[in-house]
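Fold and geometry: a report
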Amino acid sequence: MRRILIESLFRCKLTEQPPLITDAEKAALVGHLDRAAQRRLGRSLAIREVDAGSCNGCELEIIALNNALYDLERFGLKIVASPRHADVLMVTGPVTRNMRDALSLTYEAMPAPKFVVAVGDCACTGGMFAQSPACVGTVGHVVPIDLRIPGCPPDPTTLLRGLISLMT
Amino acid sequence: MFVAIWAERDGDAGVVHLAGRRDGGAAAEVVSLVTSGLHFPSIGRHHPSAILMERAIQDLHGLIADGLPDPRPWLDHRSTYEFKPVIGAGVHQIPVGPVHAGTIEPGHFRFSVNGETIVRLETRLGYTHKGTLGLMRGKPINQAAQLAGRVSGDSTVAYAFAFVRAVEQALGVVVPPRTIVLRGIMAELERLANHFGDLGAICNDAGFPLINAHGAVLRERVLRLSAACFGHRLMMDRIVPGGVAVDLADGDTKALTTALPALLAQFERLVELYDKTASLQDRVVGTGRLDPAIARRLGCGGPVGRASGQDFDARRDISYLPYDILPIVVPCFTSGDVDARVRVRMVEIRQSVALILALLDTLPDGPLRTPLPDDASPRAGSATVEGFRGDIFAHVRVSDGHVAGSFLRDPSWFLWPALEVAIEGNIVADFPLCNKSFNAGYSGCDL
């Protein structure tokens with residue numbers, strides 16, 4: 001055995017060069033995997049909610065999404081405790097100066113790709129607080145918005161409609 | 001009793017307003033003091049419940065409360081916050097927030113713990129400060145009323161109710177009888193929805209989600225009834241200066257009289273479950289005890305105060321319409337624990353249903369609004385309304401159809417300091433449970 005091992009050490013490597021894969025082949029494989037993953041996993045979004053200075057009206061309706069009548073999780077939508085676990089950042093409020101940093105830190109803590117959903121009139125436009133010197137204005141001033149769900153507050157059905165549209 | 005302290009600033013001059021109320025049920029009275037230079041004597045030296053409001057005054061107006069025991073900034077977050085030191089072997093800190101694990105409002109909790117035991121909790125708020133009072137200043141009364149209804153969304157009815165009553169008192173407006181009854185119905189529906197939700201959420205934080213699942217459905221039923229009757233689930237902007245914005249149809253009256261007793265029957269099954277579940281009782285009885293003497297010293301109202309011996313309910317003690325219709329039963333316990341805070345809410349749920357049914361029974365016909373007078377002279381008024389978390393005090397100065405200045409005092413100003421005291425000696429794992437049983441608001445006192 002020793003002789004075979006020593007011979008192997010001094011002999012040329014047997015392992016051949018890797019096969020050539022064209023970029024087109026690679027892209028096709030990646031696309032195939034993506035589609036398969038999408039089919040299996042893409043029906044689910046984890047949502048992290050951040051109140052950036054709302055009056056808490058929007059929070060009440062977001063919480064209501066989890067009650068038995070709306071049952072948010074049957075759609076594959078789940079509200080999670082950490083931004084590290086989230087695909088979607090759901091933001092309410094006119095973004096107070098005191099919440100600005102916390103909002104952008106939460107966004108940065110999320111893995112890409114990520115969506116931002118602005119919930120309620122305040123988050124979409126600043127609402128009644130648009131002119132307040134204590135507020136930044138809209139969520140869009142701090143993080144890029146992908147979907148707006150207006151309302152004061154939007155009711156759970158409106159929220160569901162918006163969130164389901166995000167998955168299709 | 002200390003009720004509120006707030007201020008106004010005009011150039012180099014400042015005025016500080018102090019509201020207080022005599023024991024035994026009188027309306028709050030307001031005294032005002034012109035500051036000397038920018039200074040005024042601190043009330044917080046004698047009434048610890050005033051300390052947070054005085055810190056807010058310093059931040060908002062640049063006035064200085066002489067002798068304020070804790071002069072750290074409160075609403076102004078520009079500088080680094082110095083938490084109170086905790087010194088001792090094995091003590092370490094757990095910072096939590098402002099972004100929490102759950103879907104709740106933002107605030108920071110700094111726990112100093114020894115092992116599992118909380119040695120000190122400090123709450124730092126102000127994250128939702130959006131300058132609401134500043135925005136109300138100079139606005140037409142109707143617009144200011146909408147802002148008042150967004151001080152704290154869960155209490156939008158109670159806030160609008162308090163604000164418009166203060167305006168109507170200032171202007172000497174008498175609203176039509178139908179309006180008064182409709183306002184009462186909305187206020188009790190709001191209390192009902194919140195208490196159902198809180199009952200479930202408290203049990204959930206004790207690791208008993210079954211009651212939460214049913215409590216959330218009861219809350220949803222009330223919100224849907226509110227939407228059907230008044231056109232908005234939270235009934236925002238339904239109470240307006242001079243009256244109400246929507247009428248109650250006859251069919252809706254019938255829907256309420258049918259649905260509410262049915263909801264109450266479902267609720268009673270949850271009460272039975274709560275009473276008979278030993279593991280749940282084990283978590284709530286004796287947990288997060290707030291001593292009645294401290295509740296009094298800190299001015300706690302609402303279910304938190306009543307669970308700790310504070311026999312006060314603005315509906316009974318600062319009697320206002322329509323609450324002359326029924327004798328208001330005020331549940332009051334002295335055990336001051338999570339269980340007592342749950343039981344206060346349980347009694348109030350039954351009472352709110354009884355009140356709504358009685359109010360519907362007497363609903364008079366008539367107009368929905370009294371026009372506000374075109375009166376240019378400056379006037380002031382105040383009012384207190386019992387919201388679901390305690391008494392809300394509103395003060396307003398109006399002039400020429402506009403708001404010249406106002407203050408809206410949330411019950412939470414007094415609940416946060418009480419929570420800090422109640423949590424001492426409890427374990428970290430019981431904090432969510434204690435916190436939920438207090439259910440203090442953030443936006444309401446961040447203003």
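Under an unreviewed UniProt entry, chain B has the name Hydrogenase expression protein HypE and belongs to Acidiphilium iwatense.

An unreviewed UniProt entry lists chain A under the name NADH-quinone oxidoreductase subunit B family protein, from Acidiphilium iwatense. As recorded by UniProt, the Sequence similarities (unreviewed entry) comment attached to chain A reads in full: "Belongs to the complex I 20 kDa subunit family." Per its UniProt entry, chain A bears the Cofactor (unreviewed entry) comment "[4Fe-4S] cluster".

1. A word on the pairing of strand S4 (residues 115-119) of chain A
Residue and element names in this part refer to chain A. Taking burial as the measure, the 5 residues of S4 include 4 buried ones, the bulk of the element. As paired strands, strand S3 (residues 88-92) and S4 are joined by 5 bridges and run parallel to one another. Bridging across to S4, Val91 finds its partner in Ala118. Where the polypeptide runs from S3 across helix H4 (residues 97-109) and back to S4, its parallel neighbour, the crossover connection is right-handed.

2. Thoughts on the domain arrangement of chain B
Residues and elements named next belong to chain B. According to the domain assignment, chain B consists of domain 1 (2-66), domain 2 (91-124) and domain 3 (132-435). With both chains or domains summed, domain 2 and domain 3 bury close to 1,000 Å², and 66% of this area falls on carbon and sulfur atoms. Taken as a group, Glu116, Ile118 and Leu121 account for 48% of the area that domain 2 buries against domain 3, more than any other trio of residues on that side. Linking domain 2 with domain 3 are 0 salt bridges, by the criterion used here. Run the count over domain 2 and domain 3 and you get 4 residue pairs in polar contact (both at pLDDT 80 or more). Among the secondary structure elements, those contributing two or more residues to the side of domain 2 that touches domain 3 are strand S7 (108-114) and strand S8 (117-124). If one sorts the elements of the side of domain 2 that touches domain 3 by residue count, S8 sits on top with 6 residues. Per-class residue counts for the side of domain 2 that touches domain 3 are 7 nonpolar, 2 polar and 2 charged.

3. Focus: the sheet that holds strand S6 (residues 91-96) of chain B
All names here are of chain B. Here we have 3 strands laid out as an open sheet, ordered S6-S7-S8, and antiparallel in their pairing. The open sheet terminates on both sides in strands that have one partner only, identified here as S6 and S8. Along the sheet, successive strands turn relative to each other by an average axial angle of 20°, direction set aside. Taken together, the 7 bridges between S7 and S8 define a ladder with antiparallel strand orientation. By the bridge assignment for S8, His108 is matched with Arg124.

4. Focus: the confidence of the model for chain B
All names here are of chain B. Counting all residues, the mean pLDDT for chain B is 95, and 100% of those residues have values of 70 or more. Looking at the elements of chain B, mean pLDDT is at its lowest for strand S3 (residues 29-34), recorded as 92, and at its highest for helix H10 (residues 302-307), recorded as 98. Interface scoring of the predicted complex returns ipTM 0.95; its pTM is 0.92.

5. Details of H4 of chain A
The set of residues buried in H4 of chain A consists of Asn98, Met99, Ala102, Leu103, Ser104, Thr106, Tyr107 and Ala109 of chain A. Buried residues along H4 of chain A sit in contact with strand S1 (45-51), S3 and S4 of chain A.

6. Notes on the packing of helix H5 (residues 177-205) of chain B against helix H7 (residues 250-276) of chain B
All names here are of chain B. The contact between H5 and H7 brings their axes to 12 Å, and the two run at 25°. The angle between H5 and H7 places the two elements in the roughly parallel class. As for the relative orientation of H5 and H7, their crossing is left-handed in sense. In this structure, H5 uses Ile185, Leu189, Leu192, Phe196, Leu199 and Cys203 to contact H7, whose residues at the interface are Leu256, Leu260, Phe267 and Tyr274. Residues that form the contact of H5 with H7 fall into these classes: 10 nonpolar, no polar and no charged.

7. Description of the interface of chain B and chain A
The partner chain A presents 38 residues to the 37 residues of chain B that form the contact. Buried area between chain B and chain A, both sides added, is near 2,900 Å², and the carbon and sulfur share of it is 64%. With a shortest N-O distance of 2.4 Å, Arg233 of chain B and Glu61 of chain A are connected by a salt bridge. Across the contact surface, chain B and chain A share 20 residue pairs in polar contact (both at pLDDT 80 or more). Looking at the side of chain B that touches chain A, the elements that each hand over two or more residues are helix H2 (132-136), helix H3 (141-148) and helix H6 (209-230) of chain B. At 7 residues, the largest contribution of residues to the side of chain B that touches chain A is made by H6 of chain B.

8. Remarks on the UniProt feature "domain: NADH:ubiquinone oxidoreductase-like 20kDa subunit" (unreviewed entry) in chain A
Residues annotated by UniProt as "domain: NADH:ubiquinone oxidoreductase-like 20kDa subunit" (unreviewed entry) correspond here to residues 55-165 of chain A. The span residues 55-165 of chain A is 32% helical and 14% strand by assignment, and the distance between its end C-alpha atoms comes to 26 Å.

Calculation notes
- Residues numbered from 1 in each chain as written.
- Chains lettered and ligands numbered in written order.
- Predicted model: local features only at pLDDT ≥ 70, side-chain atom pairs only at ≥ 80, totals over all residues.
- Heavy atoms only, no water.
- UniProt positions renumbered as here; feature names shortened; annotations may be inferred.
- Buried < 20%, exposed > 50% of the residue type's maximum accessible area, 1.4 Å probe, protein only.
- Helix = DSSP H or I, 4+ residues; strand = E, 2+ residues; numbered from the N terminus.
- Pairing = 2+ DSSP bridges.
- Right-handed = clockwise from strand over helix to strand, strands pointing away.
- Domains from an automatic or database assignment.
- Buried area = accessible area lost by both parts, 1.4 Å probe.
- Salt bridge = Lys/Arg side-chain N within 4 Å of Asp/Glu carboxyl O.
- Polar contact = N/O pair within 3.5 Å; in protein donor to acceptor, adjacent residues only side chain to side chain.
- Nonpolar A, V, L, I, M, F, W, Y, C, P; charged D, E, K, R; others polar.
- Axes fitted to C-alpha atoms, helices over the stretch in contact; angles between N-to-C directions.
- pLDDT = per-residue confidence, 0-100.
- Contact = heavy atoms within 4.5 Å.
- Parallel < 35°, antiparallel > 145°, perpendicular 65-115°, else oblique.
- Left-handed = near helix turned anticlockwise from the far one by under 90°.

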